Amino acid sequence: MTPRPLVFLALLLSGCASSAEDGRVLRLGHGLSTDHPVHEAMLVMAERVAERSDGALRVEVYPSGQLGSERECLELLQIGSLAMTKVSASVLENFAPAFQVFSLPYLFRSEAHRFAVLDGPVGQGLLDDAADFRLRGLAYYDAGARSFYTVERPVRRPADLAGLKIRVQESQTAMRMVRALGGSPTPISWGELYTALQQGVVDGAENNPPSFHLSRHYEVAPYYVLNEHTAVPDVLIIGTPVWDGLSEQERAWLAEAAAESAEVQKDLWRESTEEALRAVQAAGVEVIRLGTDERAPFAGEVRDLLAAYDADPALGGLIASIRAVESDVPTEASRLTSEP
């Protein structure tokens, strides 16, 4: 096992939260860099918690994988050795299976539809139901839409994925999607991906513009095609061993601050997305925006995959509920694919 920093060892020895005369401290670990908009939103949450509680409850944020990978942080939450984490819904599906619905390609009609689902009863129900697995969802953070970036050639159509090894998250759903599109899915941790692209271990990956930019993957993968196959949110989570130990007032402080940070994060994300696309283009990346007709072949290749999930007894009803959610913005609306 790769050695962790001393702070991680101290965490395991001292527990996930400390109570002292100056208040209770909740530790939050995640894998993103400090310049990522999701990290910035979590700092906003920490500030709001401290303000609301007058310092009686505090959140300490440990970025950049200091306290472990996404999977490791989730495991620590379940046993009460870490209070909070932020993970992708694709990784969360390995712990709370219903979250795999967010890794389905072309599930959302638009950005407005996505927000209507996440901010409404369907999204809240998924956050609450995670408690069955000793995890409680507090909020969703927007992670935009995921698209393919590659080293040697662009992926303008599904046929271009043939023979390519594409890095995916630890998600069976994501792996099935890449296979359906003709590629070879290869799970690799986020921290190892730059080197894997550089050394040819994989031929490409898929992610949103801010992550593509801030990871500097554009330095080794100069083709980015905005086919926007999935829109997988990030999820802010607290372990139930810690949540159950909080007072009603502490829970209210935390829940309110999390909700406020999620709204702030939407604006941070939009700005970061626009800046990311400008920056990678300026660095020489070929950014290819696909229109509706050009995306249709990608959607067509995953039709059978979606039909299989529609027929799944556990997920079919949830998928139908998501599709039934209405939004008041035309289905062609998408801020991500507009010119920055």
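Everything numeric here is computed off the predicted structure, so don't read it as measured data.

About the criteria used
Throughout, residues of each chain are indexed from 1 in the direction in which the sequence is written. pLDDT decides what is reported in this predicted model: residues at 70 or higher carry local features, side-chain atom pairs at 80 or more are listed and counted, and totals for whole chains, interfaces and linings draw on all residues regardless. Heavy atoms from the whole structure form the basis of all side-chain values; hydrogens and water molecules are not counted. Fitted lines through C-alpha atoms serve as axes, helices being fitted only where they are in contact, and the angles separating the N-to-C directions of these axes extend from 0 to 180 degrees. We count a stretch as a helix when DSSP gives it H or I for four or more residues in a row; a strand needs E for two or more, and each element gets its number in order from the N terminus. Each angle is binned into one of four classes, with values under 35 degrees roughly parallel, values over 145 roughly antiparallel, values of 65 to 115 roughly perpendicular, and all other values oblique. Should the near helix be turned anticlockwise from the far one by less than a right angle, the crossing is left-handed, and should it be turned clockwise, the crossing is right-handed. By definition in these notes, contact holds between two residues if any of their heavy atoms fall within 4.5 Å. Residues are sorted three ways: Asp, Glu, Lys and Arg are charged, Ala, Val, Leu, Ile, Met, Phe, Trp, Tyr, Cys and Pro are nonpolar, and all the rest, Gly among them, are polar. pLDDT measures the predictor's confidence residue by residue and takes values from 0 up to 100. Aromatic pairing here means that ring centres of Phe, Tyr or Trp (its six-membered ring) are within 6.5 Å. Orientation follows from the plane angle: under 30 degrees is stacked, over 60 is edge-to-face, and everything else is tilted. Each residue gets one of three labels from its accessible area relative to the maximum for its type: buried under 20%, exposed over 50%, partly exposed in between, using a 1.4 Å probe on protein chains only. Two thresholds decide whether a charge sits over a ring: the Lys NZ or Arg CZ must be within 6 Å of the ring centre and within 35 degrees of the ring normal. Take the buried Ala, Val, Leu, Ile, Met, Phe, Trp, Tyr and Cys residues and link them wherever side-chain atoms come within 4.5 Å; each set so joined is a nonpolar core. Think of a salt bridge as a Lys or Arg side-chain nitrogen and an Asp or Glu carboxyl oxygen that are within 4 Å of each other.

Let us now look at the packing of helix 2 (residues 37–53) against helix 11 (residues 248–282). Where helix 2 meets helix 11, the closest approach of the two axes is 8 Å, and the angle between their N-to-C directions is 150°. When the axes of helix 2 and helix 11 are compared, the pair comes out roughly antiparallel. In the packing of helix 2 onto helix 11, the handedness of the crossing is right-handed. When helix 2 is examined against helix 11, the residues Pro37, Val38, Glu40, Ala41, Val44, Met45, Arg48, Val49, Arg52 and Ser53 are found in contact with a partner set consisting of Trp253, Leu254, Glu256, Ala257, Ala258, Glu260, Ser261, Val264, Gln265, Leu268, Trp269 and Ser272. Across the contact of helix 2 with helix 11, the residue classes break down as 13 nonpolar, four polar and five charged.

Here we take up the confidence of the model for the chain. Counting all residues, the mean pLDDT for the chain is 91, and 90% of those residues have values of 70 or more. Overall, residues 1–7 carries pLDDT values under 50, and its contacts beyond four positions in sequence, including any with other chains, amount to eight contacts. Considering only residues more than four positions removed or in separate chains, one finds that residues 329–340, a stretch of pLDDT under 50, has 26 contacts.

Turning our attention to the packing of aromatic side chains. The full count for this structure, using the stated rule, is seven aromatic pairs. Geometrically, the ring pair formed by Phe102 and Phe108 is stacked, given 6.3 Å between the ring centres and 25° between the ring planes. Pair check on accessibility: Phe102 and Phe108 agree, each one buried. Of the aromatic side chains, those joined through ring pairs into one cluster are Phe99, Phe102, Phe108 and Tyr140. Geometry around Phe115 places Arg114 over its ring, the cationic atom sitting 5.3 Å from the centre. Looking at Lys266, its charged tip hangs above the ring of Phe115, at a distance of 4.5 Å from the centre.

Once that is clear, we can look at the nonpolar core. Core analysis: the largest hydrophobic core is formed by 55 residues, its most contacted members being Leu92, Phe99, Val101 and Phe102. Setting aside its immediate chain neighbours within four residues, Leu92 contacts Leu74, Val87, Phe99, Leu135, Val235 and Ile237. Residues Leu26, Val49, Trp253 and Ala258 belong to the second largest nonpolar core, which totals 29 residues.

Here the focus is the pattern of salt bridges. Under the defined criterion, the tally for this structure stands at 21 salt bridges. Between Glu219 and Arg216 there is a salt bridge, and its shortest N-O distance comes to 2.6 Å. In this structure, Glu275 and Arg278 form a salt bridge, with 3.3 Å as the shortest nitrogen-oxygen distance. Highlighted residues: Glu275 and Arg278, both in helix 11, separated by three residues, approximately one helical turn. Salt bridges here are not isolated pairs; linked through shared partners, they connect Arg48, Arg52, Glu256 and Glu260.

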